[in-house]
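Structure at a glance
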Amino acid sequence: MKLTAQNLREVPDFANVPDQQLQWLIDKSEFQTFKQGEFIFKKGDTIDQLSILLKGKVEVKFEQNGNYKVVGEIKKNNITGLLPFSRMSTAMGYGEVIDDTEAILLDRSMFKEMVANHYELTESLVHNMTSRVREFTKNNVQSEKMMALGKLSAGLAHELNNPASAMLRSSKALKQHLGNVPEKFKRIISIRASEEEVDIINNVLFDRINSRPENNMKLTERNEKEDELEAWLEDHGVENAFELTETLLDFCMDIPVMEEIYEATGELNFPNAIEWIENVLTTEKIVDEIEEASDRISGLVQSIKSYTHMDRAPEKVATDIHTGIKSTLTMLNHKLKKKNISVEKNFGSELPEPRIFVSEINQVWTNLIDNAIDAMEHSGVLVIKTSKDKDFVKIEITDNGQGIPEEDINNIFDPFFTTKGIGEGTGMGLEVVQRIINQHNGDIKVISKQGETTFIVCLPIT
């Protein structure tokens, strides 16, 4: 194929490059063809050539758990491979030819001559590199955000599922329970009791409802109490005593209380009266369960609002650091429970409130705590300590995982550096953390050894 400068001018980056420079590029390059199904590069290959596609299409893929995931494509008139001043050395993925492809390749040995003698050509290629880095960074930051959102969404779905399921169960139980009320009401209405006797029963019943005592009995003690109460109720004419004892003891209505009610109602009325009391207490217990589940959901929603700061303007505000840390722990609670990780919160009292962008700082806690969880084995310990250090609020997040290898510790804040597998991290998390801390004129550092890694964040008070 006979190439001319006019052919290369179809490449958008070369629109303003003089013809003689484009002709130099053609003369110094090697022309190659690739068939469908071939790879123009594979993971680990040395990248030492500039490539310009003249025809065809190449898919860029990453390998993950034995499967290939398409992350981009190279089309006609696209520039790829090594560029001047680029530090790329090896391929991170695979370039598979989808349509028969033609390309010219310029070896890196020609870069020195190009930079020295062909300014416009070099400038266009450097501009291409900066655009590539900017787009790559943008995509990776977006990917990091989506991964974080996915983790939080999974956690929230898990956390919301428990109280939502509890509400559903309780509401069904309440509906079934209320269906039995008419028959029980017939029996209670047949009781002939004086106003004084009714007052005694009411006082006992609603005293337990309005100031429900806490039942701290151990399991063995509870079983013994249930057996004793069941036997006592049967001895006093209650036929279905085994169905009533659990609820009665939930409200600490034991034998002495039963004796008080028996004395007020008499032998004839006692069975119907105690059945009605148990019915009221069961209703109260189910309503309490629904209320508790509703409060749990409301608390989670409040944590989300606090975490995202969605009800505030995006500006720096004086904020209690502990609020964001607690909200983040709520968001990640499912991961903590899954690995049975215990959390020790050593929070300083009366800490000053630094002025911060709340949502951004919460991203910091999310990345650091999430990384700490990933670093620990089952039943690990996460320690979060806050204190005042001169003009700063200091936050220390420590895990007892394997630690960061010495050869990696100086690179962990670099863009795209990650020790995680493909699909598990983009290498932007800690870079974002450092950028946010710098935005607040703060400081972050890490100290790591086997079994103990601590990230120390310092935020200025003023």
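See above for the structure.
These figures come from a predicted structure and were not determined experimentally.

Rules of the game
All chains use their own residue numbering, which begins from 1 and follows the written sequence. For a predicted model such as this one, the threshold for reporting local features is a pLDDT of at least 70, and the threshold for listing and counting side-chain atom pairs is 80 or more; totals across whole chains, interfaces and linings nevertheless cover every residue. Hydrogens and waters are ignored; side-chain quantities use all the structure's heavy atoms. Secondary structure elements follow DSSP: runs of H or I of four or more residues count as helices, runs of E of two or more count as strands, with numbering from the N terminus. When accessible area is computed with a 1.4 Å probe and restricted to protein chains, residues below 20% of their type maximum are described as buried, those above 50% as exposed, and intermediate ones as partly exposed. Whether two residues are in contact is decided by their heavy atoms: any pair within 4.5 Å suffices. Surface accessibility follows the Shrake-Rupley procedure with a 1.4 Å probe radius. Residue values consider only the protein chains on display as shielding. For helices, the fitted line uses only the C-alpha atoms of the stretch in contact; every axis is such a line through C-alpha atoms, and the angle between N-to-C directions lies from 0 to 180 degrees. Any angle between 65 and 115 degrees counts as roughly perpendicular, while under 35 counts as roughly parallel, over 145 as roughly antiparallel, and the rest as oblique. Less than a right angle of anticlockwise turn of the near helix away from the far helix marks a crossing as left-handed, whereas a clockwise turn marks it as right-handed. Here the term charged refers only to Asp, Glu, Lys and Arg, the term nonpolar to Ala, Val, Leu, Ile, Met, Phe, Trp, Tyr, Cys and Pro, and the term polar to all other amino acids, Gly among them. Grouping buried Ala, Val, Leu, Ile, Met, Phe, Trp, Tyr and Cys residues that are joined through side-chain atoms within 4.5 Å yields what is termed a nonpolar core. Salt bridge criterion: a side-chain nitrogen from Lys or Arg within 4 Å of a carboxyl oxygen from Asp or Glu. Two strands are said to pair when DSSP picks up at least two bridges between them. Given the number of residues in a helix, its expected span is that number minus one, multiplied by 1.5 Å.

1. So, the overall build of the protein
The helix and strand inventory of the protein stands at 13 helices and 13 strands. Relative to its 462 residues, the protein shows a buried fraction of 40%. Taking all contacts inside the protein whose residues are at least 6 apart in sequence as the whole, residues at least 24 apart take part in 77%. Element-wise, carbon and sulfur atoms account for 49% of the exposed surface of the protein, whose accessible area totals about 25,900 Å².

2. Topic: the packing of helix α7 (residues 219-235) against helix α8 (residues 241-250)
A pair of packed helices is captured by two measures, namely the crossing angle of their axes and the spacing between those axes. Relative orientation of the contacting elements α7 and α8 amounts to 125°, with a least axis distance of 9 Å. As the angle between them shows, α7 and α8 are arranged oblique. Crossing of α7 against α8: the hand is right-handed. Here α7 contributes Arg-222, Lys-225, Glu-226, Leu-229, Glu-230, Leu-233 and Glu-234 to the contact with α8, which in turn contributes Ala-241, Phe-242, Thr-245, Glu-246, Leu-248, Leu-249 and Asp-250. Broken down by class, the residue content of the contact of α7 with α8 amounts to 6 nonpolar, 1 polar and 7 charged.

3. Side note on the packing of helix α10 (residues 321-331) against helix α12 (residues 358-375)
At their nearest, the axes of α10 and α12 sit 9 Å apart, and the two run at 45° to each other. When the interaxial angle is binned, α10 and α12 end up oblique. Here α10 runs over α12; the crossing is right-handed. For the pair formed by α10 and α12, the contact residues are Ile-321, Gly-324, Ile-325, Thr-328 and Leu-329 on the first element and Asn-362, Trp-365, Thr-366 and Ile-369 on the second. Here the residues of the contact of α10 with α12 are counted per class, giving 5 nonpolar, 4 polar and no charged.

4. Some points on the nonpolar core
Grouped together as the largest cluster of nonpolar side chains are 36 residues, with contacts concentrated most on Trp-365, Leu-368, Ile-369, Leu-382 and Ile-395. Looking at this core, the elements that each hand over two or more residues are α10, α12, β10 (381-389), β11 (392-399), α13 (429-439), β12 (443-449) and β13 (452-460). Looking at this core element by element, the count peaks at 8 residues for α12. Leaving out residues up to four positions away in the same chain, Ile-395 has contacts with Ile-321, Ile-325, Trp-365, Lys-385, Thr-386, Phe-455, Ile-456, Val-457 and Leu-459. Grouped together as the second largest cluster of nonpolar side chains are 35 residues, Leu-8, Trp-24, Leu-83 and Met-114 included.

5. Considerations on the pattern of salt bridges
When the charged atoms of two side chains with opposite charge come close together, those side chains can pair. Enumeration according to the criterion identifies 12 salt bridges in this entry. The closest approach of N and O atoms between Glu-226 and Arg-222, which form a salt bridge, is 3.0 Å. Of this pair, Glu-226 and Arg-222 both sit in helix α7, 4 residues apart, which is roughly one turn of the helix. Taken together, the shared-partner salt bridges connect Arg-222, Glu-226, Asp-250 and Lys-285 into one network.

6. Points about the sheet that holds β10
Pairing within the open sheet is mixed, and its 5 strands lie in the order β8-β10-β11-β13-β12. In this open sheet, the two strands that pair with only one neighbour each are β8 (342-346) and β12. Strand-to-strand twist of the sheet, defined as the mean angle between neighbouring strand axes without regard to direction, takes the value 15°. Across 5 bridges, the pairing between β8 and β10 is parallel. Across the sheet, the residue bridging to Val-343 is Leu-382, located in β10. Contacts from α10 reach β8, β10, β11 and β13, with the element oriented near 170° to β10. Here α12 sits on the sheet and contacts β10, β11, β12 and β13; the angle it forms with β11, its principal contact strand, is near 25°.

7. So, α7
Under the 1.5 Å per step criterion, the end-to-end length of α7 is 24 Å for 17 residues, consistent within 8% with the ideal 24 Å. Looking at the residues trailing α7, positive phi occurs at Gly-237, about 90°.

8. Remarks on unusual backbone geometry
Phi is mostly negative for residues that are not glycine, and the peptide bonds are mostly trans. The phi torsion at Glu-350 lies on the positive side, around 50°, for a residue other than glycine. Inspection of the secondary structure puts Glu-350 in the loop between β8 and β9 (355-356). Look at Glu-350 and you get exposed, because its relative accessible area is 80%. Unusually for a residue other than glycine, Lys-390 sits at a positive phi of about 55°.

9. Here's the deal with the pairing of β11
Among the 8 residues that make up β11, 6 are buried, leaving the element largely enclosed by the rest of the structure. Direction of pairing for β10 relative to β11: antiparallel, over a ladder of 8 bridges. Paired with Leu-382 across the two strands is Asp-399, which belongs to β11. Taking the residues between adjacent antiparallel strands as the criterion, β10 and β11 are bridged by 2 residues, where Lys-390 takes a positive phi near 55°. Across 8 bridges, β11 lies against β13 in antiparallel orientation. Its bridge partner lying in β13, Lys-394 is registered against Cys-458.

10. Examining the pairing of β12
Here β12 shows one buried face, formed by Ile-444, Val-446 and Ser-448, and one open face, formed by Asp-443, Lys-445, Ile-447 and Lys-449. Across 7 bridges, β12 lies against β13 in antiparallel orientation. Across the sheet, residue Ile-447 finds its bridge partner in β13, namely Thr-454.

11. Here we look at the side chain of Thr-265
Secondary-structure assignment places Thr-265 in helix α9 (residues 255-308). Assessed through its relative accessible area of 11%, Thr-265 is described here as buried. Beyond its immediate chain neighbours, meaning those up to four positions away, Thr-265 contacts Ile-201, Phe-270 and Ala-273.

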